[in-house]
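Residues per chain are reported as follows:
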There are 2 protein chains.
Amino acid sequence: MAEGVTPRSEDYSRWYQDIIREAELADYGPVRGTMVIRPYGYAIWENIQKALDRRFKATGHQNAYFPMFIPYSFIEKEKEHVEGFSPELALVTIGGGKELEEPLVVRPTSETIINYMFAKWVQSYRDLPLLINQWANVVRWEMRTRPFLRTLEFLWQEGHTAHATYEEAEEEALRMIEIYRDFAENEGAVPVVVGRKSRLERFAGALHTYTMEAMMGDKKALQAGTSHNLGQNFAKAFGIQFLDENNELQYAWQTSWGVSTRFVGAVIMVHGDDQGLRLPPRLAPIQVVIVPIWRKEQERESVEQSAQRVREQLENAGIRVHLDDREEHTPGWKFNFWEMKGVPVRIEIGPRDVAKGAFVLARRDIPGKEGKTFDHPIEEAASRVQALLDEIQRNLLEQARAFRDANIHDVRTYDELREVIAAGGWARGYWAGSDDDERRVKEETGATLRCFPFEQPGEPGVCFMTGQEATEVAIFAKAY
Amino acid sequence: MAEGVTPRSEDYSRWYQDIIREAELADYGPVRGTMVIRPYGYAIWENIQKALDRRFKATGHQNAYFPMFIPYSFIEKEKEHVEGFSPELALVTIGGGKELEEPLVVRPTSETIINYMFAKWVQSYRDLPLLINQWANVVRWEMRTRPFLRTLEFLWQEGHTAHATYEEAEEEALRMIEIYRDFAENEGAVPVVVGRKSRLERFAGALHTYTMEAMMGDKKALQAGTSHNLGQNFAKAFGIQFLDENNELQYAWQTSWGVSTRFVGAVIMVHGDDQGLRLPPRLAPIQVVIVPIWRKEQERESVEQSAQRVREQLENAGIRVHLDDREEHTPGWKFNFWEMKGVPVRIEIGPRDVAKGAFVLARRDIPGKEGKTFDHPIEEAASRVQALLDEIQRNLLEQARAFRDANIHDVRTYDELREVIAAGGWARGYWAGSDDDERRVKEETGATLRCFPFEQPGEPGVCFMTGQEATEVAIFAKAY
């Protein structure tokens, strides 16, 4: 058990906050609900950014930047949108010492201002598709906040695209949720259920919202990324029209999609244990830490030389390595420190290893002696370590998937759903309920309809709520 | 002369705005003074970010993120700071539908909030130096705005560091202005004069401000980056104290430093000509454009195959290349289009080139026939193009340096300074004037004291204003 960290089994919420403090991921800002992302937490976010940005550019998207101040009147233009966001807005009313004529909204999301600009840029079908992404901060005036998961200001990327047809927009919305799934599973080792949101849960102003839902260590769901087919709602509100190939004026079809710093919270809660963080190698700021071990001064030089040789080899191979040669701490203290920080691989080098020209590998995903292997030749450092990093990346995903799959339960009746939710877990069952039925589940059990998964049984069944025939199963769970 | 672009000699300010519109770098946002950075402009900014971020990390700095909302009371804590920034603040007074008890400042710069956090994190000399950088948006309520140069909201990086001694802070402030110089000259091909600001011109709350000043195409100066030694002013205002090695409580010594999207404006104005942008290869989103040239349908396939072979070779060598195979435009139209966009190198491939297994190179920095070379073998594409890109990078810097040096004039009297400034140019002369003398120069000539350059004649001289002995020369110029 790590010092300063509440065990998960005792109080999951306190465990989460302890980890964030002890691993120095974030701190509370002076304004209630705000968060400071500290260097170690921000380095995880930078790796998330790189992994996503590469995927966006490979599929033809370009980054741009739009002002964060939006005229209040813009927000009012799309009816559902204004209803969805009004309670959460921060308003600038004074600028340069003067009261403003119209208050400015600090963007809660940028559909309105981006579509105002799209209306200027899109004239002809030749201007389409327009594929834009923005990395930015956004503000939502939340009452109950929690670092990374829900903060007054957060960082994200928001994609905004315009297309000539419904089909192209739909294809884009699906392409992006698939890119998110690939990112979550292959970079974050976070297994997700991908599906469609219900009418009640979808984005304010969208035709369809697609989502990826991840199961946290306490079995709650976390919406880790969404992609929306906006139809022509914003195009009509902002007048995005183009001349098609037949010279006829058409409204554009649009999408938007986003992943935020919330994903850092998902990584913490999917992988972390009572010893601290466990980071997937692809997102880890430090993939390997080297701890030199010596007692007598005469051992020191050869141990440190070996450690430096290993570091150089790993650096040259592009592995993110850190040599912890601090003298004020013991090796044991360092082991705990780097376990808390979730570094996937630890290398130990002592006098006996030096004599053999070798080093010891310890893996964060398998605790204690079972995770240790010995006598790795120094000249093979890069290949041995890379193979282990790949293995850990795979194993973290498998562990998380096994945990999730063991905690999704098929239900045939509302009573079964109540039991599953009460015990902590996800309930999956045929659903043909109304909006009111869905609200009732939420009120009575605390669970929400997370999504209709893309993966379906393939045949119709009986709705557990209404007894009517249903074409799809849905997943219900308590959620962050 | 490019269509849609006012010649520089006719109206420099209109030329600048025309370039920004025609090269699709930016657009005006709906709120007065705000700017949308379009994909092509943002891609230049991304290259600036990469070049700076690499340098920051190589010198031990780490990125982090701090909230953009700052309690109003924070701004008031440092006397000079509040005086400097108060007239430019944007205030949030309503959040989540309610009037706030204390208005929140949208950060104009983050010294106050970052130092509030530093006070929590810094306890012992072992916590120092603390070397933090932030990539963020900031807001200053400016009345007279111009895309990239001065906008209500802009993007920048702001470094903030804390040290144990004055000497270490001073060393850091100087290290960072040198990093900026290296970046400006070697990535942006923008020659700069590096020096110290006068008391009147330095940052609100700093002991010393160091600056790099660049000469634009109209001979005005642009402050392209600054680095401040903040002394203990903010440490005292926010209580950043640490126990030193003798267990005594000390206030920390600090620096801050920043470069913003303004640098994109510098690149436009230092290198651009009447045909459009001219981008330095290291910052160019597209370094090479390939234009296939064919008339008869039977020529097409072989020309396009050659073009694709060249593209593949350049891509594999890590060169940012674009093949413009659009059919709706003629080669001549494409030449003009990519010249406007400032792409450093154009490759032309026609049927005669195909027959020779070769291609034509045209360079953006030398117009017309003189800039063209022929018969480059396709198999040597990568090395030929890379050599030319390096040559263009050097040449743009040399051209700009020659222009600047020809327009800096040494002055011995105030009359000489008036003449130089009236004719458009920079005046350099010995200066031992008072703050009032400096204000008088500004009022009477429009020129400000840009800096005391680090490069000095090495011996004292006579102040052109007061006739007294002066130890340093200063540079005066009209500035953006």
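Remember, it's a predicted structure, so these values are computed and weren't measured experimentally.

What's the story with the overall build of chain A in this structure? I'm lost.
Secondary structure summary: chain A contains 14 helices and 25 strands in total. The C-alpha radius of gyration of chain A comes to 25 Å, within 12% of the 23 Å expected for a compact globule of 480 residues. If one aligns the C-alpha atoms of chain A with their principal axes, the spans along those axes are about 80 × 55 × 50 Å. Restricting the contact set of chain A to residue pairs at least 6 apart, pairs at least 24 apart contribute 69%. As presented, chain A carries roughly 19,900 Å² of accessible surface, and 45% of it is formed by carbon and sulfur atoms. Taking the average location of the 59 positive side-chain charges in chain A and that of its 75 negative ones, the two points are 3 Å from each other.

Before we go on, may I ask you to explain empty space enclosed by the protein in this structure?
Here the idea is plain: a probe the size of a water molecule rolls over the atoms and shows the empty space left. By the definition in use, this model includes 2 cavities of 30 Å³ or more. The wall of the largest cavity is formed by Y65 of chain A together with M35, I37, E153, F154 and L155 of chain B. Mapped onto the lining of the largest cavity, the elements with two or more residues apiece are β2 (35-37) and β8 (153-163) of chain B. Take the lining of the largest cavity: its biggest share by element is 3 residues, from β8 of chain B. Taken as a whole, the second largest cavity encloses approximately 40 Å³ of empty space. If you trace the second largest cavity, you find it lined by M35, I37, E153, F154 and L155 of chain A together with Y65 and P67 of chain B. The element that contributes the greatest number of residues to the lining of the second largest cavity is strand β8 (residues 153-163) of chain A, accounting for 3 residues. Of the residues in the lining of the second largest cavity, the class split is 6 nonpolar, no polar and 1 charged.

Would you mind going over the packing of helix α13 (residues 414-423) of chain B against helix α14 (residues 435-445) of chain B with me for this structure?
Between two packed helices, the angle of one axis relative to the other and the distance separating the axes together describe the packing. All names here are of chain B. Put simply, α13 and α14 touch, their axes get as near as 11 Å, and they point 40 degrees apart. By the angle between their directions, the pair α13 and α14 is classed as oblique. The way α13 lies across α14 gives a crossing that is right-handed. Of α14, the residues touching α13 (which contributes Y414, L417, R418 and I421) are R440, V441, E444 and T445. Grouping the constituent residues of the contact of α13 with α14 by class yields 4 nonpolar, 1 polar and 3 charged.

Whenever I open this one, the interface of chain A and chain B confuses me. Can you help?
The parts lose accessible area when they come together, and the size of an interface is often stated as this lost area. Chain A puts 53 residues into the contact, and the matching count from chain B is 53 residues. Taken together, both faces of the contact between chain A and chain B bury some 4,300 Å²; the carbon and sulfur share is 66%. Remark: the boundary between chain A and chain B carries 4 salt bridges. Our enumeration of links across chain A and chain B arrives at 24 residue pairs in polar contact (both at pLDDT 80 or more). No other element matches strand β5 (residues 90-95) of chain A, which puts 6 residues into the side of chain A that touches chain B. Of the residues contributing to the side of chain A that touches chain B, the split by class is 34 nonpolar, 9 polar and 10 charged. For β5 of chain A and strand β5 (residues 90-95) of chain B, the ladder comprises 5 bridges, and the chain directions are antiparallel. Bridged to G95 of chain A within β5 of chain B is A90 of chain B.

How should I be thinking about the environment of G4 of chain B in this particular structure?
All names here are of chain B. Mapped onto the secondary structure, G4 falls in the segment before α1 (12-22). Along the primary structure G4 and R21 are separated by 17 residues, whereas in three dimensions their C-alpha atoms are 9.3 Å apart. Leaving out residues up to four positions away in the same chain, G4 has contacts with D18, R21 and E22.

Is there a simple way to think about the packing of helix α1 (residues 12-22) of chain A against helix α8 (residues 262-271) of chain A in this case?
Residue and element names in this part refer to chain A. At their nearest, the axes of α1 and α8 sit 11 Å apart, and the two run at 115 degrees to each other. Between α1 and α8 lies a crossing whose hand is right-handed. Across from Y12, W15, Y16, I19 and I20 in α1, the residues of α8 making contact are G265, I268 and M269. Tallied by class, residues from the contact of α1 with α8 come to 7 nonpolar, 1 polar and no charged.

Help me out: how do you make sense of the relation of the copies chain A and chain B in this one?
Two copies of a chain can be linked by a rotation about an axis combined with a shift along that same axis. Structural alignment of chain A on chain B gives an RMSD of 0.0 Å, achieved by rotating through 180 degrees and translating 0.0 Å along the axis. Taken together, the turn and the small shift mark the pair as related by a two-fold rotation axis. Identified as the residue of chain A closest to the rotation axis by C-alpha distance is V92 of chain A, at 2.1 Å. Of the interface residues in chain A, 100% have counterparts in chain B that sit at the interface too, so the contact is made through matching surfaces.

How should I be thinking about the domain arrangement of chain A in this particular structure?
All names here are of chain A. Domain annotation of chain A identifies domain 1 (12-271), domain 2 (288-403) and domain 3 (408-477). Averaged C-alpha coordinates put domain 1 and domain 3 at centres separated by 27 Å. Tallying the contact residues gives 20 residues for domain 1 and 17 residues for domain 3. Interface area, domain 1 with domain 3, both sides summed: about 1,600 Å², of which 59% is carbon and sulfur. Of all residues in domain 1, V193, R196 and L200 bury the most surface against domain 3, accounting for 34% of the area lost on that side. On inspection of domain 1 and its partner domain 3, the count reaches 3 salt bridges. Between R196 and E472 there is a salt bridge; the shortest N-O distance is 3.0 Å. For the pair domain 1 and domain 3, the number of links is 8 residue pairs in polar contact (both at pLDDT 80 or more). Here the side of domain 1 that touches domain 3 gets 5 residues from one element, more than from any other, and that element is strand β10 (residues 208-215).

Help me understand the UniProt feature "coiled-coil region" (unreviewed entry) in chain A, please; the structure alone is not making it clear to me.
UniProt records the feature "coiled-coil region" (unreviewed entry) at residues 293-320 of chain A, using the numbering of this structure. A distance of 21 Å separates the end C-alpha atoms of residues 293-320 of chain A, which is 71% helix and 0% strand.

What is the right way to look at the sheet that holds strand β14 (residues 253-260) of chain A in this model?
Two strands in a sheet stick together by hydrogen bonds in their backbones, pointing the same way (parallel) or opposite ways (antiparallel). Residue and element names in this part refer to chain A. With mixed pairing, 11 strands are arranged side by side in an open sheet as β3-β7-β8-β14-β11-β10-β9-β22-β25-β21-β20. Each edge of the open sheet carries a strand with a single partner, namely β3 (62-63) and β20 (408-410). By the bridge criterion, 3 bridges tie β20 to strand β21 (residues 426-430) in an arrangement that is parallel. Along β21, the bridge assignment pairs H409 with A427.

Before we go on, may I ask you to explain the sheet that holds strand β19 (residues 372-377) of chain B in this structure?
Residue and element names in this part refer to chain B. If you trace the 5 strands from one edge of the open sheet to the other, you get β16-β15-β17-β18-β19, paired in mixed fashion. What marks the edges here is a single partner per strand, and that holds for β16 (321-323) and β19. Neighbouring strand axes in the sheet, compared pairwise and without regard to direction, differ in orientation by 25 degrees on average. In this structure, strand β18 (residues 358-363) lies alongside β19, joined through 4 bridges in antiparallel fashion. Bridging across to β19, A362 finds its partner in K372. Strands β15 (288-292), β16 and β17 (345-349) of the sheet are contacted by helix α10 (residues 331-340), whose axis makes an angle of about 170 degrees with β15. Helix α12 (residues 381-406) contacts β15, β17, β18 and β19 of the sheet and is inclined by roughly 10 degrees relative to β18.

Basis of the calculations
Residues numbered from 1 in each chain as written. Chains lettered and ligands numbered in written order. Predicted model: local features only at pLDDT ≥ 70, side-chain atom pairs only at ≥ 80, totals over all residues. Heavy atoms only, no water. Helix = DSSP H or I, 4+ residues; strand = E, 2+ residues; numbered from the N terminus. Rg over C-alpha atoms; globule rule 2.2 N^0.38 Å. Contact = heavy atoms within 4.5 Å. Areas by Shrake-Rupley, 256 points an atom, 1.4 Å probe, with all protein chains shown as cover. Lys, Arg positive; Asp, Glu negative; His and termini not counted. Charge placed at Lys NZ, Arg CZ, Asp CG, Glu CD. 1 Å grid on protein atoms, 1.4 Å probe; cavity = no way out; pocket = protein on both sides within 12 Å on 5 of 7 lines; lining within 4 Å. Points joined across faces, edges and corners; volume = space filled by probe spheres on them. Nonpolar A, V, L, I, M, F, W, Y, C, P; charged D, E, K, R; others polar. Axes fitted to C-alpha atoms, helices over the stretch in contact; angles between N-to-C directions. Parallel < 35°, antiparallel > 145°, perpendicular 65-115°, else oblique. Left-handed = near helix turned anticlockwise from the far one by under 90°. Buried area = accessible area lost by both parts, 1.4 Å probe. Salt bridge = Lys/Arg side-chain N within 4 Å of Asp/Glu carboxyl O. Polar contact = N/O pair within 3.5 Å; in protein donor to acceptor, adjacent residues only side chain to side chain. Pairing = 2+ DSSP bridges. Least-squares fit on C-alpha atoms with pLDDT ≥ 70 in both. Domains from an automatic or database assignment. UniProt positions renumbered as here; feature names shortened; annotations may be inferred.

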